[in-house]
Amino acid sequence: MLVQRCLSVAAPAVPRPVEQVAHPCDFLCPFALQASGVTVEENVLTVFNDMKVRKAQPNEEERRKRKKAVLFCLSDDKKKIIMEEGREILQGEEGDPYLKFVKMLPPNDCRYALYDATYETKETKKEDLVFIFWAPEGAPLKSKMIYASSKDAIKKKFTGIKHEWQVNGLDDIKDRKTLGEKLGGSSVITLEGKPLCD
């Protein structure tokens, strides 16, 4: 009888160590965990502030040198967000700045961009900065993951941005009407001086 009683008393539950299961993304993107430590290079903030602050009466030379659009990318070591060399459009350049901007986006990799949109509503003419996260379908999965997880690092530096747009391919951005809708819905009638036709 004594033996039976000892067996019927349950042993106290001992917590078992929980096994660490690797997340599938750990294998696909070893940089994903480091992405939260991505920093923004100081000149990125300088460019943003230059684009954000507008002089009331700029002279012609100041207006022409002002940046209309800029692309930002991750450094080769994936630790910093930097301005991509040679990837900017100035206000004084000839031609349609919106079409130039669309052509400047790489077809098979991600980028961050600032675009200084000039548009007209039924009531007034406006200028607003738009933060764009370009993540085309053809970009490598690793690149998409790194850029997506690092986006907050650059967004936090860009204080006062009213418009943010994630674009996943040329079909989303080639028609200026899509950006017009992001800026002010159906009240926007022109973007960069061109009408938003149906």
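It should be emphasised that the depicted structure is a prediction, and the values quoted were computed from it without experimental measurement. (Residues numbered from 1 in each chain as written. Predicted model: local features only at pLDDT ≥ 70, side-chain atom pairs only at ≥ 80, totals over all residues. Heavy atoms only, no water.)

## What to know about the pattern of salt bridges
One pass over the full model with this rule turns up eleven salt bridges. The partner of Glu 88 in a salt bridge is Lys 67, with the nearest N and O atoms 3.5 Å apart. With a gap of 21 residues between them, Glu 88 in strand S3 (residues 80-90) and Lys 67 in strand S2 (residues 67-74) connect regions that are remote in the sequence. Note on Glu 88: relative accessible area 26%, which makes it partly exposed. Notably, a salt bridge pairs Lys 155 with Glu 164, separated by 3.0 Å at the nearest N-O pair. On the basis of relative accessibility, which here comes to 31%, the residue Lys 155 falls in the partly exposed class. Where salt bridges share partners, they join Glu 84, Asp 109 and Arg 111 into one cluster. (Salt bridge = Lys/Arg side-chain N within 4 Å of Asp/Glu carboxyl O. Helix = DSSP H or I, 4+ residues; strand = E, 2+ residues; numbered from the N terminus. Buried < 20%, exposed > 50% of the residue type's maximum accessible area, 1.4 Å probe, protein only.)

## Things to note about the packing of aromatic side chains
Inspection of the entire model under this criterion finds eight aromatic pairs. Measuring from centroid to centroid gives 4.6 Å for Phe 48 and Phe 158, while their planes differ by 20 degrees, and the two rings are stacked. With a gap of 110 residues between them, Phe 48 in helix H3 (residues 42-52) and Phe 158 in the loop between helix H6 (141-157) and strand S6 (163-167) connect regions that are remote in the sequence. Accessibility assignment for this pair places Phe 48 and Phe 158 in one class, buried. (Phe/Tyr/Trp six-rings, centres within 6.5 Å; stacked < 30°, edge-to-face > 60°.)

## A few points about the nonpolar core
By size, the foremost hydrophobic cluster in this structure holds 25 residues, and its most contacted members are Phe 72, Ile 81, Tyr 112, Leu 114, Tyr 147, Ile 154 and Phe 158. Of all the secondary structure elements, the ones that give two or more residues to this core are H3, S2, S3, strand S4 (111-121), strand S5 (125-134) and H6. Not counting residues within four places of it along the chain, the set of residues in contact with Ile 81 comprises Val 38, Thr 39, Val 40, Glu 41, Val 44, Phe 72, Cys 73, Leu 74, Tyr 112, Ser 150, Ala 153 and Ile 154. Ala 69, Phe 101, Val 130 and Leu 196 belong to the second-largest nonpolar core, a separate cluster that totals 23 residues. (Core = buried A, V, L, I, M, F, W, Y, C linked by side-chain atoms within 4.5 Å. Contact = heavy atoms within 4.5 Å.)

## Observations concerning helix H5 (residues 97-104)
An α-helical turn contains 3.6 residues, so a residue and the one three or four places further along point in the same direction. Among all positions in H5, only Pro 97, Tyr 98, Phe 101, Val 102 and Met 104 are buried. Buried residues of H5, viewed axially, fall in a sector of 160 degrees; they line one side. (Arc of directions from axis to C-beta.)

## A few points about the side chain of His 163
Following the sequence through the fold, His 163 ends up in strand S6. Residue classification places His 163 among the buried positions, given a relative accessible area of 12%. From its side chain, His 163 meets the backbone oxygen of Lys 182 in a polar contact 3.5 Å long. In this structure, His 163 is in contact with Tyr 119, Asp 128, Leu 129, Val 130, Phe 131, Lys 182 and Leu 183, ignoring residues within four places of it in sequence. (Polar contact = N/O pair within 3.5 Å; in protein donor to acceptor, adjacent residues only side chain to side chain.)

## Here we look at unusual backbone geometry
Backbone geometry places Lys 78, a non-glycine residue, at a positive phi of 65 degrees. Of note, Lys 78 is situated in the loop between S2 and S3. The exposure class of Lys 78 is partly exposed, given its relative accessible area of 30%. Of note, the phi angle at Glu 192 is positive, near 55 degrees, even though the residue is not glycine. Note on placement: Glu 192 falls in the loop between strand S7 (188-191) and strand S8 (194-195).

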